[in-house]
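Listed here are the chains, written in short residue letters.
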Amino acid sequence: MSRHGRAQSSPAFAPSRRALLAGLAGALLPPATQVLAQGSAVLPQAGAGAFDVAPRVPWLPMDPAATLTRIGFGSCLDQKHPQPIWKSVITAAPELFIMLGDNVYGDVKSEAMLELIEAYRKQGEHPEFAAARAAFPFLATWDDHDYGLNDASGSFPHRDKAAQLFRSFWARSNVQPDGGIYDSVTIGPDGRRVQVILLDTRSFRSDFRRKGEDFPYWGRYAPDPSPGKTMLGDRQWRWLEGELRKPAEIRLLCSSIQVLAEGHGFERWGNLPAERKRLLDLLASTEANGIVILSGDRHAGAMYALERSPRYPLVELTASSLNRSYGPSKDERIAPLASGIYHPENFGLLVLDWEKGTVAVELHGMDGVIVTSRTMTLAELATKR
Ligand SMILES: [Fe+2]
C-alpha cells in the first residue's frame, strides 16, 4: 500500500547458527542442493538472463530440525534507501527472519518488468542487507510492491513474471499448481515445532470496493459485502485448511495485509468481511492451536487482539516499515487495536521459551527499543472455550 495515493516461499535450511556464523562460506550449500523443511528440493534458479535476480551470495540455509527461540519479521523495505534497521535486527539475534511483503519497491510500467528486476538486483547488493543475510536465514511472502503494482489484485496481468522473480530472488522452488506463491514450512522437533504459513494475498484477490461517503475512515477502500469475492482463491483456501490440520506447537499465520485491523480504509482483510469471517471460522473449525498472526504493509506497527475469538485470544502484530516510514497514522483508535500505533522504522520479534511454554510477541524500534509486547502461554493458545 501507499498512504500517499501513488499507485501503489524459502531459503533453505542445515547446520546450527553458530556453525554457520563460524564458517559461513564453507557451510553454505549451493542453491541447487539446498533442501526445504517440507522436503521439496530447491531446484536450480530459473536460468541465466533477465529474470535471474538471485543474489550472488546464497542465502543462509537452516536446519529444519532446529529448535527456534527467536524469530524476526518485518515488511516495507525500500532498496533505494539506507537500511540501518538491520543493525538493530542483528543485535536482536533472530534465528530466522520472515519478510511479510513489500520486500522491494519495484512497481512496473510494462511486462518487461524492468523496475522490479532492478529493485531485486539493488536489494541483493545492499550492504546493510548483506550483513543480515550473513546472520540468519529468511522466509518471505510478497505484497503489492514486489507483486508489481500498488494495491494490485488477482487481475494484475504480470503475476507469473513477478512470481518468477520472487522465486529467483528468495531461492524458492515451490510452484503451486495455480501459480500462487503461498507456502508453509515447519521447523523444529516434535513438541517444539514452529509452522510458518506464508499466505499469498495478491494472486487471487478480488478487487476492493472504493469507499464512498458512507465510510468514515481515512484510506481508499470500504468493506464490500458482495458474495463471491475472494482473498485467497479456492485452492489456497483448501491448502490452508490442510496446513492448519498439521501438527505444530506454534503457527505463524503470515498475511501481507492486516487481518484484524479496523478503523482505516487501506488494504486489509476487513475490506472483504465474509473472507475474514471465513478465516476466523477456519481457525476455529480446524481447532488449530498456537496461532499468532503476523502482517505488514501499513508503514506503521501495532498490536491487535480479538480477546473473544472462538477458541482463544487471537493476536496480530503488524510490523511495518523496515525503512520506509511516513508520518503518524490517522487510523481510528478502535478495537481490536491493542497498542499504540508506532510509525518510525520497526520490526517484530517472536520469543519462544520452550521450558516455560511461553511465546512473547514484540514490536521493536531502532536501537533495542521495545515498543509493545504481549506474552502468552502455549497452553492458552490451545484452549477450547
Ligand atoms: Fe503493501
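So, here's what we can say about the structure. Every value quoted in this text rests on a predicted model; they were computed, and no experiment measured them.

## Considerations on the environment of Arg220
And step 1. When you line up the elements, Arg220 lands in the loop between strand 6 (209–210) and strand 7 (221–222).
And step 2. Between the C-alpha atom of Arg220 and that of Arg209, which follows or precedes it by 11 residues, the distance is 8.5 Å.
And step 3. Not counting residues within four places of it along the chain, the set of residues in contact with Arg220 comprises Arg210, Lys211, Gly265 and Phe266.

## What to know about the sheet that holds strand 11 (residues 314–318)
And step 1. Read from one edge of the open sheet, six strands run 4-5-8-9-11-10, paired in mixed fashion. Either end of the sheet is taken by a strand with one partner, and the two such strands are strand 4 (183–187) and strand 10 (302–306). Averaged over all pairs of adjacent strands, the angle between their axes in this sheet comes to 20°, without regard to strand direction.
And step 2. Relative to strand 11, strand 9 (residues 291–295) runs parallel, the two sharing three bridges. Note that in strand 11 the partner of Leu294 across the bridge is Leu317.

## Quick look at helix 7 (residues 159–170)
And step 1. The terminal C-alpha atoms of helix 7, which comprises 12 residues, lie 16 Å apart, in line with the 16 Å expected from a rise of 1.5 Å per residue.
And step 2. Counting buried residues along helix 7, nine of its 12 residues qualify, which places the element largely inside the surrounding structure.
And step 3. When helix 7 is considered as a whole, its buried residues turn out to be Arg159, Ala162, Ala163, Leu165, Phe166, Arg167, Ser168, Phe169 and Trp170.
And step 4. If you follow the buried residues of helix 7, they end up packed against helix 4 (114–124), strand 3 (138–140) and helix 6 (144–147).
And step 5. Just past helix 7, the residue Ala171 takes up positive phi, approximately 60°.

## Here's the deal with helix 3 (residues 85–92)
And step 1. Taken as a whole, helix 3 has its buried residues at Ile85, Trp86 and Val89. Projected onto a plane normal to the axis of helix 3, the buried residues spread over an arc of 95° and lie on a single side.
And step 2. Next to the buried residues of helix 3 lie strand 1 (70–74), strand 2 (96–99), helix 5 (127–133) and strand 12 (347–353).
And step 3. The positive-phi residue at the C-terminal boundary of helix 3 is Ala93, with phi of around 55°.

## Focus on the packing of helix 4 against helix 7
The relative placement of two packed helices comes down to the angle between their axes together with the axis-to-axis distance.
And step 1. Viewed as axis vectors pointing N to C, helix 4 and helix 7 meet at an angle of 10°, and their least axial separation amounts to 11 Å. Relative to helix 7, helix 4 is oriented roughly parallel. For the pair formed by helix 4 and helix 7, the contact residues are Leu116, Ile117, Tyr120 and Gly124 on the first element and Ala162, Leu165 and Phe169 on the second.
And step 2. Classifying every residue of the contact of helix 4 with helix 7 by side-chain character gives six nonpolar, one polar and no charged.

## Some details on unusual backbone geometry
And step 1. In the segment running from Ser320 into Ser321, the intervening peptide bond is cis, with an omega of 5°.
And step 2. For Ser321, the position within the fold is in the loop between strand 11 and strand 12.
And step 3. Ala335 connects to Pro336 through a cis peptide bond whose omega is 10°.
And step 4. Assignment of secondary structure puts Pro336 in the loop between strand 11 and strand 12.
And step 5. The backbone of Glu287 shows a phi angle near 55°, a positive value even though the residue is not glycine.

## Looking at the pairing of strand 1
And step 1. Judged by how many residues are buried, strand 1 sits mostly within the fold: four of five residues are covered.
And step 2. Two elements, strand 1 and strand 12, share four bridges in a ladder whose sense is antiparallel. Counted as the bridge partner of Arg70 is Val351 from strand 12.
And step 3. Both strand 1 and strand 2 contribute to a ladder of four bridges, which runs parallel.

## What about the sheet that holds strand 12?
And step 1. Strands sit in the order 3-2-1-12-13-14 across an open sheet of six strands; the sheet is mixed. Single-partner strands in this sheet number two, and they are strand 3 and strand 14 (370–377). Direction aside, the axes of adjacent strands within the sheet are offset by 20° on average.
And step 2. Bridge count for strand 12 against strand 13 (residues 358–364) is seven bridges, and the pairing is antiparallel. Paired with Phe347 across the two strands is His364, which belongs to strand 13.
And step 3. Contacting strand 1, strand 2, strand 12 and strand 13, helix 3 crosses the sheet at an angle of about 5° to strand 12.

What counts, and at which threshold
Residues numbered from 1 in each chain as written. Predicted model: local features only at pLDDT ≥ 70, side-chain atom pairs only at ≥ 80, totals over all residues. Helix = DSSP H or I, 4+ residues; strand = E, 2+ residues; numbered from the N terminus. Contact = placed C-beta atoms within 7 Å. Pairing = 2+ DSSP bridges. Axes fitted to C-alpha atoms, helices over the stretch in contact; angles between N-to-C directions. Expected span 1.5 Å × (residues − 1). Buried ≥ 20, exposed ≤ 12 C-beta atoms within 10 Å, placed from the backbone. Arc of directions from axis to C-beta. Parallel < 35°, antiparallel > 145°, perpendicular 65-115°, else oblique. Nonpolar A, V, L, I, M, F, W, Y, C, P; charged D, E, K, R; others polar.

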